Amino acid sequence: QVQLVESGGGLVQAGESLRLSCAASGGTFSRYRMGWFRQAPGKEREFVAAISWSGGSTYYANSVKGRFTISRDNAKNTVALQMNSLKPEDTAVYYCAADRSPIQITRQASDEKNYEDWGQGTQVTVSS
């Protein structure tokens, strides 16, 4: 099991940037695909971005492509989400998640069912 702790959320105005960070402990971070998901009030949780264990492959939801960048530092056991040009519709609780499966490469990165461990979430609010 992996413990995940997100940080970096806050209140910003539309057009501004935020950088979320997720610190992992209790596992072998460098072997896991990592993902970011979000859940807005009254809506289901949705995929935002994911990154392979090596960092060599990244995946993005269409709604954030070109604005958000996911990255990881396996030496520090952290994964980050740089969010630029934020919009009010980006307002949500953002969750970090880990896919620990040895066959993760065969599993869909955007499917939350493929992630075993989740953080508690961090709130991002974008005002217009």
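Placed above this text is the structure.
Residues numbered from 1 in each chain as written. Predicted model: local features only at pLDDT ≥ 70, side-chain atom pairs only at ≥ 80, totals over all residues. Heavy atoms only, no water.

A. The layout of surface pockets, seen in detail. Its boundaries defined by the atoms lining it, the largest pocket holds a volume of some 170 Å³. Along its surface, the largest pocket is lined by Arg-31, Tyr-32, Arg-33, Ser-52, Trp-53, Ser-57, Tyr-59, Arg-100, Ser-101, Pro-102, Gln-104 and Ile-105. Across the lining of the largest pocket, the residue classes tally to five nonpolar, four polar and three charged. (1 Å grid on protein atoms, 1.4 Å probe; cavity = no way out; pocket = protein on both sides within 12 Å on 5 of 7 lines; lining within 4 Å. Points joined across faces, edges and corners; volume = space filled by probe spheres on them. Nonpolar A, V, L, I, M, F, W, Y, C, P; charged D, E, K, R; others polar.)

B. Up close: the nonpolar core. Formed by 35 residues in total, the largest nonpolar core has its most connected members in Met-34, Trp-36, Val-79, Leu-81, Met-83 and Tyr-94. Where this core is concerned, the elements lending two or more residues are β3 (18-25), β4 (33-39), β5 (46-51), β7 (68-73), β8 (78-83), β9 (92-99) and β11 (122-127). Apart from residues no more than four positions distant in its own chain, Leu-81 is found in contact with Leu-18, Arg-19, Leu-20, Trp-36, Val-48, Ala-49, Phe-68, Thr-69, Ile-70 and Tyr-94. (Core = buried A, V, L, I, M, F, W, Y, C linked by side-chain atoms within 4.5 Å. Buried < 20%, exposed > 50% of the residue type's maximum accessible area, 1.4 Å probe, protein only. Helix = DSSP H or I, 4+ residues; strand = E, 2+ residues; numbered from the N terminus. Contact = heavy atoms within 4.5 Å.)

C. Region of interest: the pattern of salt bridges. Counting across every chain of the model gives eight salt bridges. Here Asp-90 makes a salt bridge to Arg-38, at a shortest N to O gap of 2.9 Å. With a gap of 52 residues between them, Asp-90 in the loop between β8 and β9 and Arg-38 in strand β4 connect regions that are remote in the sequence. Two residues, Glu-112 and Arg-45, come together in a salt bridge whose shortest N-O distance is 3.1 Å. In this pair, Glu-112 sits in the loop between β9 and β10 (117-118) while Arg-45 sits in the loop between β4 and β5, placing the two residues 67 residues apart along the sequence. (Salt bridge = Lys/Arg side-chain N within 4 Å of Asp/Glu carboxyl O.)

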